[in-house]
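Letter by letter, the chains look like this.
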Amino acid sequence: MGIKPTRRFSPAAADPRTSLRSIHGSGLFADCPDLIGTPYAYAREEEVYGEGEEAGFVYRVVEGAVRSHKMLNDGRRQITGFHLAGDLFGFEQGETHWHTAEALSDTRVLIFPRRPIERAATRSAEVACQLWSMATASLRDAQDLALLLGRRSAQGRLAAFLIEVDRRFGGTGTFALPMTRRDIADYLGLTIETVSRTFSQLEEDGALRRTASRRITLHRGRLRPVAEA
């Protein structure tokens, strides 16, 4: 669980004179240049928003990474998603957040008020289509996670997870994991000991190579059959 933040975003703290019009990529949709984000920074393990809080803002990751999770009735944490640079998160179907979101590392975001986005969607077909795409992508991610948890061995789960992270980082085959082994365990429904052991097994089998604490190079030709088994 994350450390409670020492500071939280407040609309009153957003000075319109310091808007991001001068920063590349500060707009949310090309069709709505007036939707400009407010920059904000979160420290490692700082809470962005909590489960049950009002969902009044939408967030885009500029640098760093964020995890979303729910606490289960038995006290276990289930991580439901990882948001990387460029990802949009925090847009809920209802009026409150269904998950808690926390920064995995020192993270910079752009924060957009939710209501202007909803109003823009009523005026712009492009905005409406992009919001629909975001909603369907979130649904697909939830379905993929359900399949991952229900049908794969520990090796299969971890292999599929690493292939997906590699894809999101550009598919080069080499990347630094922004999440810890405990984060991965809580996402894949495994213990941290199983995750550690499975990393070692995959490395021994030549499916990956670890060159630093979290930096990984994948041998995708060997890893993919494990993920598809």
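Everything numeric here is computed off the predicted structure, so don't read it as measured data.

K.L.:
Describe the overall build of the protein chain, naming the residues involved and giving the relevant values.
P.N.:
What the protein chain contains, in helices and strands, is six helices and 13 strands. Counting all 229 residues of the protein chain, 42% fall into the buried class. Across the protein chain, contacts joining residues at least 24 apart in sequence account for 70% of those joining residues at least 6 apart. For the protein chain, the exposed area adds up to about 12400 Å²; of that, 52% sits on carbon and sulfur atoms.

K.L.:
Tell me about the pattern of salt bridges, residues and numbers included.
P.N.:
Within this structure, the stated rule accounts for 15 salt bridges. Ionic contacts of the salt-bridge type, sharing partners, join the residues Glu45, Arg67, Arg77, Glu102, Asp183 and Asp186 into one network.

K.L.:
Can you break down the sheet that holds strand S12 (residues 208-210) residue by residue, with the values?
P.N.:
Within a sheet, adjacent strands bond to each other through the backbone by hydrogen bonds, running parallel or antiparallel. In spatial order, the strands read S11-S13-S12; together these three strands make up an open sheet with antiparallel pairing. The open sheet has two edge strands, strand S11 (174-176) and S12, and neither has a second partner. In this sheet, adjacent strand axes meet at a mean angle of 20° when their direction is disregarded. Of the pairings in the sheet, the one linking S11 to strand S13 (residues 215-218) comprises three bridges and is antiparallel in character. When the bridges of S13 are listed, phenylalanine 175 appears paired with isoleucine 216.

K.L.:
Describe the sheet that holds strand S8 (residues 88-89), listing the residues and the values that go with them.
P.N.:
Strand order in this open sheet of four strands is S3-S10-S5-S8, and the pairing throughout is antiparallel. Across the chains shown, the open sheet's two edge strands, defined by having one partner strand only, are strand S3 (38-42) and S8. Looking at chain direction, strand S5 (residues 57-63) and strand S10 (residues 107-113) are connected through six bridges and run antiparallel. Along S10, the bridge assignment pairs glutamate 63 with arginine 108.

K.L.:
Got a sec to walk through the packing of aromatic side chains? Specific residues and values, please.
P.N.:
Tallying each qualifying case throughout the model produces eight aromatic pairs. Pairing tyrosine 49 with tyrosine 59 gives two aromatic rings, centres 5.5 Å apart and planes at 40°, and the pair type is tilted. Residue tyrosine 49 is located in strand S4 (residues 47-49), and its partner tyrosine 59 is located in strand S5; the two are separated by ten residues in the primary sequence. Neither residue differs from the other here; tyrosine 49 and tyrosine 59 are each classed as buried. Residue placement shows lysine 70 over the ring face of tryptophan 98; its charged tip is 4.4 Å from the ring centre. Here arginine 114 stacks its cationic end above the ring of phenylalanine 91, 5.5 Å away from the centre of that ring.

Calculation rules
- Residues numbered from 1 in each chain as written.
- Predicted model: local features only at pLDDT ≥ 70, side-chain atom pairs only at ≥ 80, totals over all residues.
- Heavy atoms only, no water.
- Helix = DSSP H or I, 4+ residues; strand = E, 2+ residues; numbered from the N terminus.
- Buried < 20%, exposed > 50% of the residue type's maximum accessible area, 1.4 Å probe, protein only.
- Contact = heavy atoms within 4.5 Å.
- Areas by Shrake-Rupley, 256 points an atom, 1.4 Å probe, with all protein chains shown as cover.
- Salt bridge = Lys/Arg side-chain N within 4 Å of Asp/Glu carboxyl O.
- Pairing = 2+ DSSP bridges.
- Axes fitted to C-alpha atoms, helices over the stretch in contact; angles between N-to-C directions.
- Phe/Tyr/Trp six-rings, centres within 6.5 Å; stacked < 30°, edge-to-face > 60°.
- Lys NZ or Arg CZ within 6 Å of the ring centre and 35° of its normal.

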